[in-house]
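Each chain, written out:
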Amino acid sequence: MTDDRGSVSRSGQDIQAVAEGRSDTLDLGRGYHHGAPRELPAAVRQLTGLRTLRLTGTGVTELPGWLADLPVETIDARGCPLEVMPPLPWVRWALDAGKLHAFRRMIAPGRVYGATISTGDDAAAIAHLAQLIDQRQLSLTELVIEPQRMLLSSTWSNLADVDRHLDALIGGSPRLRTLRIVDCPLGRVPEPIRRLRHLTELSLSGVLPDELPDWLFEVPALAVLDLSHNRLSRLPAALGQAERLSRLTLSSNPLREIPDKVWELERLTFLDLWGCPIQRIPAEILRLPALTRLRVDETRPELTVPPPEVTARGLDAIRSYWRQERASGTDYLSEAKLLIVGEAGAGKTTLAKKILRPDYALNVGEGSTQGIAVSSWRFPSAVRVVEADGERVLERDFRVHIWDFGGQEIYHSTHQFFLTKRSVYVLVSDERKEDTDFRYWLDVVNLLSDGSPLIIVQNRKQGRSHDLDLRMLRQEYPNLVAALSVDLSDNSGLAETVARVRRELELLPHIGTALPKTWQDVRLALEGDTREYISSTEFFRICEEHGFAREADMKQLGGFLHDLGICLYFQEDPLLSRTVVLKPEWGTAAVYRVLDDPQIVANQGVFGPEDLERVWHEPIYEPVRDELVRLMAKFSLCFQVPTSDRFVAPQLLSQVRPAYPWDDRGGLTLRYEYDVMPKGVVRRLIVDLHDLIEDKAVWRNGVVLRYESGRAEVIEDYRRRRLQIRLGARNTRVMISIVDRALNLIHRSYPDLRFERLRPCNCDVCRVAEEPTMFSVRELEDFARAGDPIQCRSSHRLVDAAVLLSELWQPEDAGGPRRKAGPGEVFVSYKWGGDADELVDEMQGKLAARGLVVTRDRNEMRYRDPIQQFMRRLGAGQAVVVVLDDAYLRSKNCMFELTEVADRENFVQSVFPILMPDANIFDPMGRLEYVRYWEEKRAGLDEAMRLVGQENLQGIREELDLYETIRNAIARITDVLADMNVFTAARHAGSGFAELYEALETKVGERPE
């Protein structure tokens, strides 16, 4: 979440850029959503190089008199509630129509270059603007028509006045360069636009015209065109005449195909098709060499070409796909997954075997599937393909991978990693037991499969069956396509079931998708390979044998096969990226061998290297034991106990909640309630936050976490679809931020997961009630922004919503001054023992004197343990000062810190770099030197490891992974840091760290009481 604190930090950087002469423009409203400044910062008074001031989006009501002493030439005050200003007769203005009318005695019309008409402007203001233009007192270069800013809803009650004057406004402004008409339902394209010879930027977003006139694309200087949010199902052929067009936005239009004439726009650098139901991105995209950004929604079911797995990887991947297809020819995809799910003993394995061989004899003594069993099924099929000259039908062998999922409870929480999109699902129910939790399985498939078709197969054991209300279920689960009945003992209903499964497989939208022939050749070679896994080097060799020349293309294919579930190839993991598992069922079976091992089960999920040697004793496992343990961690199935060689599998922990002390006084409670709760959420949380587990206070459905003086108890109540979080009285905000951040990461793996965060009322009645009134956090934020109290449903008393929120975390905007929450905390990352020590000592004293707590670690620390806790604190929204010197950039511990921080989405807003003289990051050659240093470190260690037996490499592999992580990240990180507003150590020390303090105070959210 980007909040206003990050925006304040950016404006502070802009002020500094002007002060240093690197810019002459200050935008005080840049990036704000709430809490924008209401007055000019005092620091602006010192900006003797300021030429352009932008106030759009701020709350500034008065311009101070000292502004007249600065050389300001241009002020953009549109969308700003300005009321008072000093005389500034030389300034060029951009104003709202209402402000232009209000300031008509102070601002000469000839000094106005831009105007905005919004829903808040009355008829007199619009008429005044039109009169000035008609009398040629005003010549605009920018005109904007848009709803009033900062309002949740805004209607065009003045639409008739706008429509009446708009043609005259445009026609009387022949020097217009920018014209934006946004969310104003005119229903037409104003005709005077065609005569604007200087117009470079035009937006007609949400104008809703019946059609676009051809002349629109003949405007000679037009470079930027926004036609989003209209009802356009096609564009005229005249689009190809817009030769200067560099940016074209067509988002949220019912376009099913990208207009052919787009491919004639050779200067196009940006194309936005987000929200359009397009079916394919054709090879013609190669005709746009200047295109650098393409926005499409690869999750839309209509978009099948290229395959979504390719499209999701971006423009370069799409281009690579088409280049390879052109070079090697085309083949077509006729392959899919059939996933069979249901309770243990329902007949899933029998159905899978009878699909392959109808004469398979029932085996009453056959045990339940352990984990996942995968088998292959082929049948002849007619595949419909779409080519440039139309559709045709190809006779192909259809390949199906049948995944039979074990139904035991222990496997439910792990299935989520294998339930994929673009598959067909079969839910098998045992009609004799009548124990199938239909809602659970329908919900989990719906949650993870992105609407893949699902068939219910009722297994009539001993002839028993019961009716399902299919009509009602389909209303809730539109992906439920059929409910069929079968008796697997005599095969009655089997033929109909197999026929329906085949039909749904053949109708999957990706079937018939064109692929480069080299991809299919490699795919077939891997399918014929009898090995369970190969090295990534061997995978590249196979690709080269089948026509691949570029490693990037090979990795793209590897990612595609991984996304389809054909192999396991985790390219982003330094250890797992070395191995390609050709038989995913082999990898999953190896994992489940650990979870099913009687000794490990009896030991409540605790295991060590000796257990792994026993469970994976066959020679095939020995070279990849480390990778298999990492695979378990990747699937959140285990974690390593800090400073130990023991591992813990949370799903095997005791179900009994252990005894531990808890002081209820002063604590808080937060609850997560889910519409559909995936199984094992708390167990994934245990894995992610295992370094914070308090002593042995962990069990299968809950955990107690401790960080410094803060404590949090998290308990999963699956039956009631909720997580209950109880917080200790101290460090409340830090603890809830740690847990909330970890849960957010878990929730992201379920794209359509819906849940609500609830906080109990704090009135006197609710404080002692067993079931207090619970307010949703979203509801509290709405009331806090409005500054209104909220009523308790139990006591009917009014309580302060902002107070309820402030005890957990700060909302984006609480509708006024924020309550002081104690001193802010800043972490300092630096290489101790060098010149940085003295600087950090001085900085710590200066910042502490002004109320900021500086956290630093003077000890040379092991990079795994302390940094994990440091990252928890970052999750609570703290700031990091990074003191960069040459020793820092060559230190594995320091660089581990920096790579971990750099993985944050708001890295640039969280980091405050200070540059020591010997850190050479501004010179590209200097940055390359650091890249080369880490490449050599990694290569040297890798070579040394080859001379040592595998049994003696414990802990060394982890070091190699670290070197590889640093090597892969350092170029990107130093490039970002070089572009940031980096202070030198001398400048900070000379200013008493005043500028740093101001930026840090803003970031950590200090506010006066």
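Cut-off values and rules
- Residues numbered from 1 in each chain as written.
- Predicted model: local features only at pLDDT ≥ 70, side-chain atom pairs only at ≥ 80, totals over all residues.
- Heavy atoms only, no water.
- Helix = DSSP H or I, 4+ residues; strand = E, 2+ residues; numbered from the N terminus.
- Buried < 20%, exposed > 50% of the residue type's maximum accessible area, 1.4 Å probe, protein only.
- Contact = heavy atoms within 4.5 Å.
- Areas by Shrake-Rupley, 256 points an atom, 1.4 Å probe, with all protein chains shown as cover.
- Pairing = 2+ DSSP bridges.
- Axes fitted to C-alpha atoms, helices over the stretch in contact; angles between N-to-C directions.
- Phe/Tyr/Trp six-rings, centres within 6.5 Å; stacked < 30°, edge-to-face > 60°.
- Lys NZ or Arg CZ within 6 Å of the ring centre and 35° of its normal.
- Salt bridge = Lys/Arg side-chain N within 4 Å of Asp/Glu carboxyl O.
- Expected span 1.5 Å × (residues − 1).
- Core = buried A, V, L, I, M, F, W, Y, C linked by side-chain atoms within 4.5 Å.
- Patch = residues over 30% accessible without salt bridge, like charges linked within 9 Å, V, L, I, M, F, W, Y side chains within 5 Å.
- Lys, Arg positive; Asp, Glu negative; His and termini not counted.
- Charge placed at Lys NZ, Arg CZ, Asp CG, Glu CD.
- Parallel < 35°, antiparallel > 145°, perpendicular 65-115°, else oblique.
- Nonpolar A, V, L, I, M, F, W, Y, C, P; charged D, E, K, R; others polar.
- Left-handed = near helix turned anticlockwise from the far one by under 90°.
- pLDDT = per-residue confidence, 0-100.

This part takes up the overall build of the protein. Scanning the protein from N- to C-terminus turns up 32 helices and 39 strands. Here the protein holds 1009 residues, and 54% of them are scored as buried. For the protein, contacts bridging at least 24 residues in sequence account for 61% of all contacts bridging at least 6. Roughly 44,400 Å² of accessible area belongs to the protein as shown, and the carbon and sulfur atoms make up 47% of that amount.

Moving on, we come to the sheet that holds strand S26 (residues 668-674). Read across the sheet, 7 strands follow the order S27-S28-S29-S30-S26-S31-S32 without closing on themselves; strand pairing throughout is antiparallel. On the outer flanks of this sheet lie strand S27 (693-699) and strand S32 (774-776), each paired with one strand and no other. Across the sheet, the mean angle separating the axes of adjacent strands is 20 degrees when strand polarity is ignored. Running at roughly 150 degrees to strand S29 (residues 710-717), helix H19 (residues 681-688) makes contact with S26, S27, strand S28 (702-707), S29 and strand S30 (722-727) of the sheet. Packing against the sheet, helix H20 (residues 732-747) makes contact with S26, S28, S29, S30 and strand S31 (755-760), and its axis sits at approximately 160 degrees to S30.

Attention now moves to helix H9 (residues 438-448). Along H9, 9 of the 11 residues are buried, which leaves the element largely enclosed by surrounding structure. Restricting attention to buried positions, one finds in H9 the residues Phe438, Tyr440, Trp441, Leu442, Asp443, Val444, Val445, Leu447 and Leu448. Looking one or two residues beyond H9, the residue adopting positive phi is Asp450, at roughly 55 degrees.

Going through the model one piece at a time under the given rule, you end up with 18 aromatic pairs. Ring plane angle 80 degrees and centroid distance 4.9 Å describe the contact between Tyr321 and Trp322, whose orientation is recorded as edge-to-face. Look at Tyr672 and Phe755: their rings are 5.9 Å apart centre to centre, the planes differ by 35 degrees, and that puts the pair in the tilted class. Pair noted here: Tyr672 is in strand S26 and Phe755 is in strand S31, with a separation of 83 residues, a long-range link. Overall, the relative accessible area of 0% leaves Tyr672 in the buried class. Site record: aromatic cluster; members linked through ring pairs are Tyr321, Trp322, Trp519 and Phe560. Cation over ring: Arg890 sits above Tyr933, and NZ or CZ is 4.8 Å from the ring centre.

All right, on to the pattern of salt bridges then. Evaluation of the coordinates by the stated rule reveals 47 salt bridges. With a closest N to O distance of 4.0 Å, Arg523 and Glu527 form a salt bridge. A residue pair is termed a helical-turn pair when its members lie 3 or 4 positions apart in one helix, as Arg523 and Glu527 do in helix H12 (residues 517-528) at 4 residues. Using a relative accessible area of 27% as the deciding quantity, one classes Glu527 as partly exposed.

Another aspect to go through is the sheet that holds strand S24 (residues 639-640). Strand order in the open sheet formed by 3 strands is S23-S25-S24, with antiparallel pairing between adjacent strands. A strand with exactly one partner marks an edge of an open sheet, and here the two such strands are strand S23 (606-607) and S24. Note: S23 against strand S25 (residues 647-648), 2 bridges, orientation antiparallel. Paired with Phe607 across the bridge in S25 is Phe647.

The first and last C-alpha atoms of helix H6 (residues 315-328) sit 20 Å apart over 14 residues, in line with the 20 Å expected at 1.5 Å per residue. Those residues of H6 not exposed but buried are Leu315, Ala317, Ile318, Arg319, Ser320, Tyr321, Trp322, Gln324 and Glu325. Downstream of H6 by a residue or two, Gly329 has a phi angle that is positive, lying close to 95 degrees.

Bridge count between S26 and S31: 4 bridges; the pairing is antiparallel. Residue pairing in the sheet places Glu673 in a bridge with Glu756 of S31. Bridge count between S31 and S32: 3 bridges; the pairing is antiparallel. Bridge assignment links Arg759 to a residue of S32, and that residue is Phe775.

One finds Leu63, Ile75, Trp93 and Ile193 to be the most contacted residues of the largest nonpolar core, which totals 154 residues. Per element, the largest residue contribution to this core is 6 residues, and it comes from helix H3 (residues 123-134). What Ile75 contacts, discounting residues up to four positions off in sequence, is Leu53, Leu55, Leu63, Leu67, Leu88, Val91, Arg92, Trp93 and Ala94. Tyr672, Leu689, Val703 and Leu723 belong to the second largest nonpolar core, which has 97 residues in total.

Time to look at a negative patch on the surface. A cluster of like negative charges, contributed by Asp210, Glu211, Asp214 and Glu218, occupies part of the molecular surface. Along the chain, the position of Glu218 falls in the loop between strand S8 (201-205) and strand S9 (224-226).

The omega torsion across Val305 and Pro306 is -10 degrees, close enough to zero to call that bond cis. Mapped onto the secondary structure, Pro306 falls in the loop between strand S12 (293-295) and helix H5 (308-311). Of note, the phi angle at Leu208 is positive, near 60 degrees, even though the residue is not glycine. The exposure class assigned to Leu208 is partly exposed, which follows from its relative accessible area of 26%.

As a packed pair, H6 and H12 sit with axes 7 Å apart at the nearest point and diverge in direction by 85 degrees. On the basis of the axis angle, H6 is roughly perpendicular to H12. Of the residues in H12, those touching H6 at Tyr321, Gln324 and Ser328 are Lys517, Thr518 and Trp519. Within the contact of H6 with H12, the residues separate by chemical class into 2 nonpolar, 3 polar and 1 charged.

For the pair H12 and helix H14 (residues 551-563), interaxial distance at closest approach is 11 Å and the crossing angle is 60 degrees. Taken together, the axes of H12 and H14 are oblique relative to one another. Note on packing geometry: the crossing formed by H12 with H14 is right-handed. Facing H12, whose interface residues are Trp519, Val522, Arg523 and Leu526, H14 presents Gln556, Leu557, Phe560 and Leu561. Residue composition of the contact of H12 with H14, grouped by class: 6 nonpolar, 1 polar and 1 charged.

Let us now look at the confidence of the model for the protein. Per-residue pLDDT for the protein has a mean of 82; in total, 83% of the residues score no lower than 70. This stretch, residues 31-35, has a pLDDT under 50; its non-local contacts, to residues over four places away or in other chains, come to 13 contacts. For residues 858-866, every residue scores under 50 in pLDDT, and the model assigns this stretch 21 contacts once sequence neighbours within four places are set aside.

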